[in-house]
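Chain by chain, the residues:
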Amino acid sequence: METNFYNRYARHYGPLLSLGLPIIIGQLGIILVSFADTIMVGHYSTDGLAAASFVNNVFNLVIIFSTGFSYGLTPLVGRLFGQSDHSGVGRMLKNSIAANSLVAVFLILLMGILYLNVERLGQPEELLPLIRPYYIVLLISLLPILLFNAFKQFADGISDTVTPMWILLLGNVFNIFGNWCLIFGKLGCPELGLLGAGISTLASRILTLLIFACMFFFSRRYATFREGFMNSRVNRADFRTLNMMGWPVGLQMGMETGSFSLATIMVGWLGTLSLAAHQVMLTTGQLGFMLYYGMAAAIAVRTSHFLGQGDMKNVRYTASAGFQLILMMAAVVSAGIFSFRHSLGYLFSDNAQVAAMVAQLVIPFIIYQFGDGMQCAYSNALRGISDVKPVVLIAFIAYFVISLPAGYLFGFVCGWGLTGIWMSFPLGLTSAGLMFSWRFHKRIKK
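A brief report on the enclosed structure follows. (Residues numbered from 1 in each chain as written. Predicted model: local features only at pLDDT ≥ 70, side-chain atom pairs only at ≥ 80, totals over all residues. Heavy atoms only, no water.)

Bringing unusual backbone geometry into the picture now. Backbone geometry at Leu187 places phi at a positive 55°, although glycine is not the residue there. Its place among the elements puts Leu187 in the loop between helix H8 (162-184) and helix H9 (194-218). When its relative accessible area of 62% is taken as the criterion, Leu187 is described as exposed. The backbone phi angle of Ser386 is positive, close to 60°, even though this residue is not glycine. Following the sequence through the fold, Ser386 ends up in the loop between helix H16 (369-384) and helix H17 (390-413). (Helix = DSSP H or I, 4+ residues; strand = E, 2+ residues; numbered from the N terminus. Buried < 20%, exposed > 50% of the residue type's maximum accessible area, 1.4 Å probe, protein only.)

This is the structure:
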């Protein structure tokens, strides 16, 4: 029995961890910056924390969508790399940069329209002077994010997950240092509060893009891919393939994040303290999500490799092994958050009411970890086998038909307030995970 389990699942743990851990470390760096932003802004002012909650969650929608769109590059690069077609990899990267740039322009225009109507979204009036300038700075940072994503997914696709990790960690250190200087006015810098956090984030995103671009165009490591990049053109076939892969994944991830962002608007109807507590738990929740998605990205790469070899058994075993690893992570995350539930809020704010609200949200947070892990694992397994069209419908049903109406029902009709809104998240994430898993196993059987 032990040998059978090893042959099916456990032997995949090592390769998945080897690919996934650098991605996870890079993701944890992003979480560290998010924690640092929230902690520094929260200790600067509660109003700043509430304004950051609104703006960050609105932008999380387009940032996660854009990240999902760029994920379409990874399995395409992975297959070309497996065939030793390095020229094709460089060509695909060039087309990805073009596609990501157009998506960035579209998102900037879309978010610009939302900015012009931000006062109509029912947020507390006293927060608008803080929301507006912070919003503009994050709007400018969208283009560097999308261009960096193109380089990162290229590197992941060729199994070089370590380089993006180090670049992200360097950018994170720069961001935290910039926060300290610009939020509180240290080392002769102006004291800008929440706006300072936004400027530091923008600068770090530009820095990471420049570092990765310089490495690609000037280092020996990428010389063979660079040749294909320089000698190729943006072409209709590759551009179309990237869009066919990218849009469904982006929409799936965007709808998931959109359900949280729209829930944030509902939380704003409950007031500033609820928004602040909501932001603390969302920031904490990103810890689990980034861990799971780092491992899930490794699932996508490994399943795409086995698909290219026509080895459907190992496609299935890899997805199952990856989900098992994610469940182990979920157990550790849940135990840690539960243990510190009463002190967690005080890490981000000195307000006792905010800390009490945060403690109440820990239970629905723990409940949705299983569903979050499952939907991460199997949505990426579907991406690895290029079966991405169904994920859009599944995401719409899970997050907009199930989760959002449940949040309004529990929060306002039943009168459960902030905790009620959060009780809808396990319903949406678990239903998505079950449907993704069903679709994956149905597809594999064929």
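This part takes up the packing of aromatic side chains. Tallied over the entire structure, the rule returns 33 aromatic pairs. Between the aromatic rings of Phe65 and Trp247, the centroid separation amounts to 5.3 Å while the plane-to-plane angle is 55°, which identifies the pairing as tilted. Here Phe65 is found in helix H3 (residues 46-71), whereas its partner Trp247 is found in helix H11 (residues 236-268), with 182 residues between them in sequence. Looking at Phe65, the relative accessible area reads 8%, which means it is buried. Here Phe396 and Phe400 contribute two aromatic rings whose centre-to-centre distance is 5.9 Å and whose plane-to-plane angle is 15°, an arrangement assigned as stacked. With a gap of 4 residues between them, Phe396 and Phe400 both fall in helix H17, about one helical turn apart. Cluster of aromatic residues (ring-pair linked, three or more members): Phe81, Phe148, Phe151, Phe154, Phe212, Phe216, Phe217, Tyr222, Phe225 and Phe229. For Lys94, the ring lying beneath its charged end belongs to Phe229, and the centroid distance is 5.0 Å. The ring of Phe338 carries the charged tip of Arg341 above its face, separated from the ring centre by 4.0 Å. (Phe/Tyr/Trp six-rings, centres within 6.5 Å; stacked < 30°, edge-to-face > 60°. Lys NZ or Arg CZ within 6 Å of the ring centre and 35° of its normal.)

A few words now on the pattern of salt bridges. Side chains that carry opposite charge are capable of pairing whenever their charged atoms lie near each other. Under the definition given, this model contains 4 salt bridges. In this structure, Arg91 and Asp238 form a salt bridge, with 2.4 Å as the shortest nitrogen-oxygen distance. Placement of Arg91 in helix H5 (residues 86-116) and of Asp238 in helix H11 is noted, with a sequence separation of 147 residues between them. Looking at Arg91, the relative accessible area reads 26%, which means it is partly exposed. Close ionic contact of Asp160 with Arg221 constitutes a salt bridge, the shortest N to O distance being 3.7 Å. Of this pair, Asp160 sits in the loop between helix H7 (142-157) and H8 while Arg221 is found in the loop between H9 and helix H10 (223-230), placing the two residues 61 residues apart along the sequence. (Salt bridge = Lys/Arg side-chain N within 4 Å of Asp/Glu carboxyl O.)

For the pair helix H14 (residues 341-348) and helix H15 (residues 352-367), the least separation of the axes is 7 Å and the interaxial angle reads 135°. Compared by their axis directions, H14 and H15 come out oblique. H14 and H15 meet at a crossing whose hand is right-handed. In contact with Arg341, His342, Leu344, Gly345 and Tyr346 of H14, H15 contributes Ala352, Ala355, Val358, Ala359 and Val362. Broken down by class, the residue content of the contact of H14 with H15 amounts to 7 nonpolar, 2 polar and 1 charged. (Axes fitted to C-alpha atoms, helices over the stretch in contact; angles between N-to-C directions. Parallel < 35°, antiparallel > 145°, perpendicular 65-115°, else oblique. Left-handed = near helix turned anticlockwise from the far one by under 90°. Contact = heavy atoms within 4.5 Å. Nonpolar A, V, L, I, M, F, W, Y, C, P; charged D, E, K, R; others polar.)

Attention now moves to the environment of Val234. Looking at the element boundaries, Val234 is found in the loop between H10 and H11. We classify Val234 as partly exposed; its relative accessible area is 46%. Between the alpha carbons of Val234 and Glu126 there is a distance of 48 Å; along the sequence they are 108 residues apart.

Here we come to the layout of surface pockets. Estimated volume of the largest pocket: approximately 410 Å³. Leu61, Val62, Leu110, Met111 and Gly258 are the residues nearest the centre of the largest pocket, which is lined by 19 residues in total. Looking at the lining of the largest pocket, the elements with two or more residues in it are H3, H5 and H11. Counting residues per element, the lining of the largest pocket draws most heavily on H11, which supplies 8 residues. Among the residues making up the lining of the largest pocket, the classes are represented as 16 nonpolar, 3 polar and no charged. (1 Å grid on protein atoms, 1.4 Å probe; cavity = no way out; pocket = protein on both sides within 12 Å on 5 of 7 lines; lining within 4 Å. Points joined across faces, edges and corners; volume = space filled by probe spheres on them.)

So, about the side chain of Asp160. For Asp160, a relative accessible area of 14% translates into the label buried. With sequence-adjacent residues up to four places away left out, Asp160 is seen in contact with Ala155, Arg221 and Tyr222.

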